[in-house]
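Listed here are the chains, written in short residue letters.
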Amino acid sequence: MITHSPDETFEYARKLGERLDRGAVILLSGDLGAGKTVFAKGIAAALEIDPADVTSPSFTLVNTYKGKKTLHHADLYRLDVVRSVDLGLDEMFDDRDAVTVVEWAERLNWAPPDAIRVTIEYVSESERKITVDIPKM
Ligand code: ADP
Ligand code: MG
């Protein structure tokens, strides 16, 4: 799937977000500026969380937002390899009442096998290639 603007990526993520069950985990991979945070904002919007509140957490690594469902949003950019246990991420993965979105998920040493993997690749200034891998249940 190719998107042609940040809005289109946001809308695509919002539609995916509407279909998510409680307890869903979304692992976002892609370079700096790929659009991972734009995607996380779209998911937030689907959960009735103000997307403007969802920023790349600069001091905290994980933020939790309350909407129609709870959203845990982690950004592992500043880390090298992350043991999910050290960040309390394993507890978030187990949180059946929340949706968890992880930016730079490739830095995790472990992730739930049923997580949805989203890769965003730079195509041009305004275009991104988005690949979504939803494991079969
Ligand atoms: P990341 O979190 O992956 O580092 P951000 O979501 O913070 O990236 O930033 C993505 C940047 O790319 C934004 O400045 C956004 O406006 C821009 N952009 C341009 N085209 C797109 C697109 N099709 N989808 C998403 N972002 C895009
Ligand atoms: Mg980001």
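Below you will find a few notes about this structure. It should be emphasised that the depicted structure is a prediction, and the values quoted were computed from it without experimental measurement.

1. A word on the site of ligand 1
Here is step 1 of the chain: As a matter of local geometry, ligand 1 sits amid 17 residues, with Thr9, Gly33, Gly35, Lys36 and Thr37 nearest to it.
Here is step 2 of the chain: In this structure, glutamate 103 approaches ligand 1 through a side-chain N or O atom, which is 3.1 Å from an oxygen atom.
Here is step 3 of the chain: Within the side chain of arginine 128, a nitrogen or oxygen atom sits 3.1 Å from an oxygen atom of ligand 1.
Here is step 4 of the chain: Isolated, ligand 1 exposes 570 Å² of accessible area, and the fraction of that covered by the protein chains is 75%.
Here is step 5 of the chain: Listed by contribution, the elements that provide at least two residues to the shell around ligand 1 are α1 (6-18) and α2 (36-46).
Here is step 6 of the chain: With three residues, the top contributor of residues to the shell around ligand 1 is α2.
Here is step 7 of the chain: Classifying every residue of the shell around ligand 1 gives four nonpolar, eight polar and five charged.

2. Observations regarding the nonpolar core
Here is step 1 of the chain: Grouped together as the largest cluster of nonpolar side chains are 22 residues, with contacts concentrated most on Ile26, Phe39, Ile43, Leu71, Val99, Val101 and Val118.
Here is step 2 of the chain: Where this core is concerned, the elements lending two or more residues are α1, β2 (25-29), α2, β5 (98-103) and β6 (116-124).
Here is step 3 of the chain: Residue contributions to this core peak at four residues, all from α2.
Here is step 4 of the chain: Aside from chain neighbours lying at most four places away, what touches valine 99 is Leu20, Asp21, Ala24, Ile26, Ile43, Leu47, Lys69, Thr70, Leu71 and His72.
Here is step 5 of the chain: Val82, Met92, Phe93 and Ala105 belong to the second-largest nonpolar core, a separate cluster that totals 16 residues.

3. A look at the pairing of strand β3 (residues 62-66)
Here is step 1 of the chain: As paired elements, β3 and strand β4 (residues 70-75) share five bridges and run antiparallel to each other. If you follow lysine 66 over to β4, its bridge partner there is threonine 70.
Here is step 2 of the chain: Between β3 and β4, which pair antiparallel one after the other, the connecting turn spans three residues.

4. Quick word on the pattern of salt bridges
Here is step 1 of the chain: Applying the stated rule across the entire model yields two salt bridges.
Here is step 2 of the chain: With a shortest N-O distance of 3.5 Å, glutamate 18 and arginine 14 are connected by a salt bridge. Pair noted here: glutamate 18 and arginine 14 are both in helix α1, with a separation of four residues, about one helical turn.
Here is step 3 of the chain: Accessibility expressed as a relative area gives 24% for arginine 14, which makes it partly exposed.
Here is step 4 of the chain: The structure contains a network of salt bridges with shared partners spanning Glu11, Arg14 and Glu18.

5. Here's the deal with unusual backbone geometry
Here is step 1 of the chain: Of note in the backbone geometry, glutamate 48 takes a positive phi value of approximately 65 degrees without being a glycine.
Here is step 2 of the chain: Looking at the secondary structure, you find glutamate 48 in the loop between α2 and β3.
Here is step 3 of the chain: The exposed category is assigned to glutamate 48, whose relative accessible area is 58%.
Here is step 4 of the chain: A positive phi is found at tryptophan 104, a non-glycine position, where the angle reads about 60 degrees.
Here is step 5 of the chain: One can find tryptophan 104 in the loop between β5 and β6.
Here is step 6 of the chain: Judged by its relative accessible area of 8%, tryptophan 104 is buried.

Parameters at a glance
Residues numbered from 1 in each chain as written. Chains lettered and ligands numbered in written order. Predicted model: local features only at pLDDT ≥ 70, side-chain atom pairs only at ≥ 80, totals over all residues. Heavy atoms only, no water. Near = heavy atom within 4 Å. Polar contact = N/O pair within 3.5 Å; in protein donor to acceptor, adjacent residues only side chain to side chain. Areas by Shrake-Rupley, 256 points an atom, 1.4 Å probe, with all protein chains shown as cover. Helix = DSSP H or I, 4+ residues; strand = E, 2+ residues; numbered from the N terminus. Nonpolar A, V, L, I, M, F, W, Y, C, P; charged D, E, K, R; others polar. Core = buried A, V, L, I, M, F, W, Y, C linked by side-chain atoms within 4.5 Å. Buried < 20%, exposed > 50% of the residue type's maximum accessible area, 1.4 Å probe, protein only. Contact = heavy atoms within 4.5 Å. Pairing = 2+ DSSP bridges. Salt bridge = Lys/Arg side-chain N within 4 Å of Asp/Glu carboxyl O.

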